[in-house]
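In case you want the letters, here they are:
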Amino acid sequence: MQNLYQILENPEDHSKFYISLTEDNHTHKINLKEFIRTQYPTLHDTILQEDKTIDDDETFFLYKQITYENQTIGYVSYNLLDEFEDNTIILLDNYYLIPEYDDYAFIIDDMIETGFSLGFQIIIKYPTRKLVEALISTEFAYKIDNQITYSEIPFLTDTIAIDAALSKTISQIDTKKEAKSYTISSLYDLELCAVITLTPHTDKIYNGQQLDDETMDDYCCLSIALDEDNKIYDCINKRRKNKHIKRCDYFIHVDEVLTKYEQKQHK
C-alpha cells in the first residue's frame, strides 16, 4: 500500500511537515479531522474540550505541526488552489493553537517558513481580526487609516450577499449553497472584522444577483463574519450601525480613503 503522504522534519525544532504526495508524486487531499484524531490525539482532545470544530469534509495538502520547547502546541494546514495548475499557490485555511500559546506570531512564523523555505505563495482563507493584527505588527500588513488595512498576503473569502454579511456569522450559513463564487482581496476592515472586496464599480453591491463570467468581478462585497470575531468584537452589530453601510455608500467611502492615501504617498 502506498503512503498517503511524505513526512519531513524541521532540523531546528524537529516539528513535522506532512505533504499529501504519494511516492510517485501525485497530489491528493487528506481528511484533516481524521488525521489529527489519529496522529495527534492529545491535540484533538484539546480542540474538542474548547468546543472548536473541524468540519468533517475539511482536507489538507500540507499539514505542519507547531512546536514550542518540544511540545506540540498547534498546527497549520494548507490546501492547493485547484484553479492554479502549477501548485505554487497554497491556501492557509485551518490553524489552531492551544490556549496557553494563543500567540499568532506562531502562525506568522509558519507562513514565513512555508513561503520562503518551501517556495509557496500563500493566500489566507477567512483571516480572523487577531491574525490581521498580527500581520500588522510584523509589517506584513499596514493601516490605510484607523479602520482599513492593506495586507501583503492576500485573503480569500466566499462571495456572500450583503444582507447575510450584516446579519449572520459563518456557522449560520451553508457557504456551499449561498456562496456563488469567491474573491481574493488584500483589504480588511478592522472595525467590521471583514475582508473588503472592492471593484471599480463601487456603487454595485453584491446581494444575491445572478453572476456569470462577465459580471463576476463587478460587485463589491464584505466577507461573512467569523464566530470568533463576533464573540470578541461584536462585529455584526457594528456592521449594522456603520453609517456608510446604512447610506449604501460604504464601498464608495473605502475607495475615497484609498485614493486619499495614495495621493499622500505621492506628495
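Quick caveat: nothing in here was measured; it's all calculated off a predicted structure.

Q: How should the packing of aromatic side chains be read in this particular structure?
A: Two descriptors summarise a pair of aromatic rings, namely the distance from one centre to the other and the angle between the planes of the rings. As enumerated under the stated definition, the model contains 21 aromatic pairs in all. With a centroid separation of 6.1 Å and an interplanar angle of 25°, the aromatic rings of Y142 and Y261 are classed as stacked. With Y142 in strand 9 (residues 141-143) and Y261 in helix 10 (residues 250-265), this pair connects stretches of sequence that are 119 residues apart. By relative accessible area, Y142 is classed as partly exposed at 31%. Here F155 and Y188 contribute two aromatic rings whose centre-to-centre distance is 6.2 Å and whose plane-to-plane angle is 70°, an arrangement assigned as edge-to-face. Of this pair, F155 sits in strand 10 (residues 148-158) while Y188 sits in strand 11 (residues 182-189), placing them 33 residues apart in sequence. No difference in accessibility class separates F155 from Y188, as the two residues are buried. Aromatic ring contacts, followed pair by pair, group Y5, Y18, F35, Y40, F60, Y63 and Y75 into a single cluster.

Q: Just checking my understanding: could you explain the pairing of strand 6 (residues 71-80) for this structure?
A: Walk down a regular strand and you will see the side chains alternate between the two sheet faces. Burial of strand 6 is extensive: 8 of the 10 residues sit out of reach of the surface. Where strand 5 (residues 62-68) hands over to strand 6, the hairpin turn is made up of 2 residues, of which E69 adopts a positive phi near 50°. As paired strands, strand 6 and strand 7 (residues 89-97) are joined by 7 bridges and run antiparallel to one another. What sits directly across from G74, in strand 7, is L97.

Q: What is the right way to look at the pairing of strand 10 in this model?
A: Among the 11 residues that make up strand 10, 9 are buried, leaving the element largely enclosed by the rest of the structure. One ladder, built from 2 bridges, connects strand 8 (residues 121-125) with strand 10; its direction is parallel. Paired with K125 across the strands is L156, a residue of strand 10. Relative to strand 10, strand 9 runs antiparallel, the two sharing 3 bridges. Residue pairing for strand 10: A141 is matched across the bridge by S151. What sits between the antiparallel neighbours strand 9 and strand 10 is a turn of 4 residues.

Q: Please clarify how the environment of V76 should be interpreted in this entry.
A: Along the polypeptide, V76 turns up in strand 6. Given a relative accessible area of 0%, V76 falls into the buried group. For V76 and Q39, which are 37 residues apart along the polypeptide, the C-alpha to C-alpha distance reads 14 Å. Residues within four places of V76 in sequence aside, it is in contact with L62, Y63, K64, I66, L92, N94, Y95, I107 and D110.

Q: Can you walk me through the nonpolar core in this structure?
A: Considering soluble globular proteins, one finds that nonpolar side chains tend to be buried as a cluster. Membership of the largest hydrophobic core comes to 52 residues, with the highest contact counts inside it found for I36, Y63, Y75, I107 and M111. Aside from chain neighbours lying at most four places away, what touches Y63 is K16, F17, Y18, L32, F35, I36, Y40, L43, Y75, V76 and S77. Listed in part, the 17 residues of the second largest apolar core include I162, A165, L187 and A194.

Q: What exactly am I supposed to notice about the packing of helix 1 (residues 32-39) against helix 2 (residues 41-49) here?
A: When two helices pack together, their arrangement is captured by the angle between the axes and the distance separating the axes. Running from N to C, helix 1 and helix 2 cross one another at 120°; their axes reach a closest spacing of 5 Å. It follows from the interaxial angle that helix 1 and helix 2 lie oblique. Across the interface between the two elements, K33, I36, R37, T38 and Q39 from helix 1 touch P41, H44 and I47 from helix 2. Here the contact of helix 1 with helix 2 is built from residues that sort into 3 nonpolar, 3 polar and 2 charged.

Q: Sorry if this is basic, but what is going on with the pattern of salt bridges here?
A: In a structure, side chains of opposite charge can pair up when their charged atoms sit close to one another. Inspection of every chain in the model, using the stated rule, returns 10 salt bridges. Taken together, the shared-partner salt bridges connect K64, D110 and E113 into one network.

Q: For this particular structure, what's the right way to read the packing of helix 3 (residues 105-117) against helix 4 (residues 129-137)?
A: At a minimum axis separation of 9 Å, helix 3 and helix 4 run at an interaxial angle of 65°. When the axis of helix 3 is compared with that of helix 4, the two are roughly perpendicular. For helix 3 against helix 4, the interelement crossing comes out right-handed. Packed against helix 3, whose contacting residues are I107, I108 and M111, the element helix 4 presents L131, A134 and L135 at the interface. Of the residues assigned to the contact of helix 3 with helix 4, the class counts are 6 nonpolar, no polar and no charged.

Conventions adopted
- Residues numbered from 1 in each chain as written.
- Predicted model: local features only at pLDDT ≥ 70, side-chain atom pairs only at ≥ 80, totals over all residues.
- Heavy atoms only, no water.
- Phe/Tyr/Trp six-rings, centres within 6.5 Å; stacked < 30°, edge-to-face > 60°.
- Helix = DSSP H or I, 4+ residues; strand = E, 2+ residues; numbered from the N terminus.
- Buried < 20%, exposed > 50% of the residue type's maximum accessible area, 1.4 Å probe, protein only.
- Pairing = 2+ DSSP bridges.
- Contact = heavy atoms within 4.5 Å.
- Core = buried A, V, L, I, M, F, W, Y, C linked by side-chain atoms within 4.5 Å.
- Axes fitted to C-alpha atoms, helices over the stretch in contact; angles between N-to-C directions.
- Parallel < 35°, antiparallel > 145°, perpendicular 65-115°, else oblique.
- Nonpolar A, V, L, I, M, F, W, Y, C, P; charged D, E, K, R; others polar.
- Salt bridge = Lys/Arg side-chain N within 4 Å of Asp/Glu carboxyl O.
- Left-handed = near helix turned anticlockwise from the far one by under 90°.

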